[in-house]
Amino acid sequence: MNDQIERLCETTLESLQTSGLIVANRSTILQPAASGRLMARNHLSFKTMQLLLAEMVGDETVAKMLSLIARADEFSAFKCRNNEKRLLNALNMPTSTGTTGSTGAECAGVRFRWPGRISTTDAKVYCLIQAVFGCLPIHDHSLHQEAAKMITLGARICRCVIGLLKANRDRFHVAAGSFRALYSANTLAQSFEVKLWENSPLASRQLRGIGPRLAQHLADRGKSTFRAIRSSDPRELECIVKKQPPFGNELIGLASELPEFSVELTKTTVEGEQQPEIVCMVEQRNGQYLATGTPIEFCLLVGDSNNRLLLYEAGLSTDRIPAVDGKRWTIQLPDSTVESITAHLICCEWVGLDSHHTLALVGDREIIATKQTTITSFFPNETANDTLHSMKDVSFVDPGALDTSRRNNTSVTERSYLLATSNGTCKVPLLHHGQLCRN
C-alpha cells in the first residue's frame, strides 16, 4: 500500500512539474509556480489547467475564448439531456427580425452560434452562457438553475485565464502575442460579472428600478446608453417606461452618477529618437460625475497590430484618475513594422462605460469603422456589387444625341407643352402623359 501511494505521489508531482504548476528547486523542496498559485486561488482542477496551458495561443477572439472556457472540466457535471436539446437548439438559432408562425414574436438567438446541433456538454454550456448574456428567455426551470451555476464557474475560470496571460506574458510575446486574448478574456470577465454582453443595448438594466422589460422599452426608443439617458427629458423617460414622476429625474440622476471616460492615443516625435512615442490619455467626459461613491475599477489594454501587448493596467479605479487633467502613459514602439495601435478601456463592474481608440501609424490616415450595406430596393434583381460591375459597361454619348433621342421618344402633347413652356405662353403643369390639369 505504501509503495502504491508513493508511486501515485511521484506520478502526480511529475505531471504538475511538467505542466509548469510547481517548481522543484531541490530534490526535497517544491514551490508553486505562478500558474499553480492561480490554480489554487481559483479552485480549478488539474485537467482545466492542462487545457488552458495547452490550447491557449494568445490570439483568441471572444467567441474562441468562450468556447475554450466551455470545455473546462468544472462543467463536466452538467449533462446534455435529450429533453433539453430542442430548447437549446432553438436558442442556438440566429437572431431573425421576422416572425415565427402566427404568434408574431421575434426569433432571438445567441450571439455566436455553435456549429451543428447541440448534443454535448460544452455545446450546452456555450449556448446557455450566451443566453444569459443576451437576456434570452430560458423556458425551463432546470436549465435556468444550471445557467446560473455556469455563470459562477465561468467567472472563476475567466479570472484564471487573465492571470495566466499575465503570468506567461513573455512566452506569448515570443510566440504570437497575447493582446487579443487578453482583451477577449477581460471582455468576458465583464460579461460574467454583469450578465450582459459588452455591447448590449440593455445597459440601462443595471440601474436601480430597471428590469429586463423596461430596459427593452428604453432600448426600443433609442435610450440604449447612459449618455442618451442623461440627455433625455425626464417626462419622456416616464412616458416610455410608464412610470409616475419623479421616476425620470431619479433615472437621470442614477445615470449621472456614473463616470464617462475616454481613451485617446497620440503620436509624438522625440528629438534624437528614431521611433516615435505613443501617449495614451484617459480623461473624464461626464461633467456631472462626482467621485464620491464607491470607486469603479477599469483595466487599460494597449496593443499593436502584431498582437503584442504594450501596456496593461489592471485595478485602475476612478479615484486614481484626476477629474481635470486625466491620466497619461508613454509607450515606446517596439519596431517600425507596427501599422496601428489600439487602446481598450474596459470597466470591470459595469457594461456601457468602455472606451476604445485606434491610431493608424502608416501614413496620416485615420481608421474609421464603416458598415457596408447592399442596396436592393431600387435594383430588386441585382445586388449593389452587380450594379457597380454593370456600370463599367455604360458608354457615355454626346448630350446633343441624348436630346435628339428624347425628342424622338416624346409624345406630341409633351412636345407641345415643352415648346409652350419655353416660350412662356403656357403655365399649366403636366401631370401625366397626355393629361393636362387646368388651374
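Just so it is clear, the structure is predicted and the values come from calculations on it, not from any experiment.

**Side note on the side chain of glutamate 74**
Along the chain, glutamate 74 falls in the loop between helix H4 (62-70) and helix H5 (85-91). Arginine 156 is the oppositely charged side chain nearest to the buried, salt-bridge-free glutamate 74, at an N-O distance of 5.0 Å. For glutamate 74, the side chain forms a polar contact with the main-chain nitrogen of serine 45, separated by 2.7 Å. Those residues in contact with glutamate 74 that sit more than four places away from it in its chain are His43, Leu44, Ser45, Thr48, Leu153, Arg156 and Ile157.

**A look at unusual backbone geometry**
A cis amide bond links proline 245 with the next residue in sequence, proline 246, at an omega value of 5 degrees. By the element assignment, proline 246 lies in the loop between helix H12 (234-241) and helix H13 (247-256). Backbone geometry at lysine 195 places phi at a positive 65 degrees, although glycine is not the residue there. When its relative accessible area of 40% is taken as the criterion, lysine 195 is described as partly exposed. Positive phi values are uncommon outside glycine, yet asparagine 307 reaches one of about 70 degrees. Tracing the backbone through its elements, the reader meets asparagine 307 in the loop between strand E7 (297-304) and strand E8 (309-317). By relative accessible area, which is 1% here, asparagine 307 ends up buried.

**Notes on the environment of valine 338**
Inspection of the secondary structure puts valine 338 in the loop between strand E9 (327-332) and strand E10 (340-347). Sequence spacing of valine 338 and valine 362 is 24 residues, and the spatial spacing of their C-alpha atoms is 8.1 Å. Leaving out residues up to four positions away in the same chain, valine 338 has contacts with Asp304, Ser305, Asn306, Arg308 and Leu361.

**Concerning the pattern of salt bridges**
Applying the stated criterion across every chain, the model contains 13 salt bridges. When the shortest N-O distance is used, the salt bridge between arginine 71 and glutamate 55 registers 3.9 Å. Highlighted residues: arginine 71 in the loop between H4 and H5 and glutamate 55 in helix H3 (residues 46-55), separated in sequence by 16 residues. Residue arginine 71 is classed as partly exposed on the basis of its relative accessible area of 39%. Linking aspartate 335 and arginine 308 is a salt bridge whose minimum nitrogen-to-oxygen distance equals 2.9 Å. Of the two residues, aspartate 335 sits in the loop between E9 and E10 while arginine 308 sits in the loop between E7 and E8, which places them 27 residues apart along the sequence. Judged by its relative accessible area of 24%, aspartate 335 is partly exposed. Assessed through its relative accessible area of 14%, arginine 308 is described here as buried. A cluster of three or more residues bridged by salt bridges with shared partners is formed by Arg81, Glu84, Lys124 and Glu146.

Reading the values: rules and limits
- Residues numbered from 1 in each chain as written.
- Predicted model: local features only at pLDDT ≥ 70, side-chain atom pairs only at ≥ 80, totals over all residues.
- Heavy atoms only, no water.
- Helix = DSSP H or I, 4+ residues; strand = E, 2+ residues; numbered from the N terminus.
- Buried < 20%, exposed > 50% of the residue type's maximum accessible area, 1.4 Å probe, protein only.
- Lys, Arg positive; Asp, Glu negative; His and termini not counted.
- Salt bridge = Lys/Arg side-chain N within 4 Å of Asp/Glu carboxyl O.
- Polar contact = N/O pair within 3.5 Å; in protein donor to acceptor, adjacent residues only side chain to side chain.
- Contact = heavy atoms within 4.5 Å.

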